[in-house]
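# Coordinates in review
Each chain is listed here by its residues.
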Amino acid sequence: LLAAGYYRADITSQVTLLYIISMYVDAEATETHDGEADIISNWFPYQLQLARAEGRKVLIMDHVYAGASGKNEVMWVEDANTQYFKNLRDYHDVVIMEVVGHEHYSDLRYHSSNNVAGLPDPAVKFDFHNILVSPGVTPYDGSNPGVTYF
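Notes on the structure in this doc start here. (Residues numbered from 1 in each chain as written. Predicted model: local features only at pLDDT ≥ 70, side-chain atom pairs only at ≥ 80, totals over all residues. Heavy atoms only, no water.)

## Here we look at helix α2 (residues 78-90)
Taking 1.5 Å of rise per residue, 13 residues should cover 18 Å, and α2 covers 18 Å from first to last C-alpha, within 8% of that figure. Buried residues of α2: Ala80, Asn81, Tyr84, Phe85, Asn87, Leu88 and Arg89, and no others. (Helix = DSSP H or I, 4+ residues; strand = E, 2+ residues; numbered from the N terminus. Expected span 1.5 Å × (residues − 1). Buried < 20%, exposed > 50% of the residue type's maximum accessible area, 1.4 Å probe, protein only.)

This is the structure in structure tokens:
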């Protein structure tokens, strides 16, 4: 499925790539885009639910990632941020990893079930999949260009 702001690509019979053009929910974006709320609140959780039902695992890619930057700056608008992390926590068992960009520094992080975007903590704390922040190729604000080879 290819649509404005997101798409799904089945890489193998067991792995799906979900791509979210997260510039639509960037906290610094001043323009609005038709349907942007549906990407995070409807399409994304539906794809995760479908993956679980089909026994598939999911790789998530986007540009501006949810949460906070390395400089502790909020990256997404609040409603989208909260919904995204709720979806990740609810479907953590189907997500292999997130691969994101936007920052010009590389980082490898993991998610915790607690203290997330104002959501109530679950009865038992758990940590889950990693998020790779891939550095930008062009230098920005005193950073060095980054290239990652897999």
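## Quick look at the layout of surface pockets
Approximately 240 Å³ is the volume found for the second largest pocket. Contributing to the lining of the second largest pocket are 16 residues, with Phe85, Tyr110, His111, Ser112 and Val116 lying nearest its centre. Breaking the lining of the second largest pocket down by element, the ones donating at least two residues are α2, β6 (107-112) and β7 (127-133). Of all the elements, β6 adds the most residues to the lining of the second largest pocket, at 4 residues. Partitioning the lining of the second largest pocket into residue classes produces 9 nonpolar, 5 polar and 2 charged. (1 Å grid on protein atoms, 1.4 Å probe; cavity = no way out; pocket = protein on both sides within 12 Å on 5 of 7 lines; lining within 4 Å. Points joined across faces, edges and corners; volume = space filled by probe spheres on them. Nonpolar A, V, L, I, M, F, W, Y, C, P; charged D, E, K, R; others polar.)

## A short note on the pattern of salt bridges
Enumeration according to the criterion identifies 5 salt bridges in this entry. Here Arg8 ties to Asp10 by a salt bridge, and the two come within 2.8 Å at their closest N and O atoms. A salt bridge links Asp93 to Arg52, with the nearest nitrogen and oxygen atoms 2.6 Å apart. Taken as a pair, Asp93 in the loop between α2 and β5 (95-100) and Arg52 in helix α1 (residues 36-54) lie far apart in primary sequence, 41 residues in all. Take Asp93: its relative accessible area is 35%, and that puts it in the partly exposed class. Residue Arg52 is classed as partly exposed on the basis of its relative accessible area of 39%. (Salt bridge = Lys/Arg side-chain N within 4 Å of Asp/Glu carboxyl O.)

## Remarks on the nonpolar core
By size, the foremost hydrophobic cluster in this structure holds 30 residues, and its most contacted members are Ile40, Phe44, Leu48, Trp76, Tyr84 and Leu88. Within the residue set of this core, elements represented by two or more residues are β3 (15-20), α1, β4 (57-62), α2, β5 and β7. The contacts of Phe44, once residues within four sequence positions are left out, are Leu18, Ile20, Ile39, Ile60, Tyr84, Asn87 and Leu88. (Core = buried A, V, L, I, M, F, W, Y, C linked by side-chain atoms within 4.5 Å. Contact = heavy atoms within 4.5 Å.)

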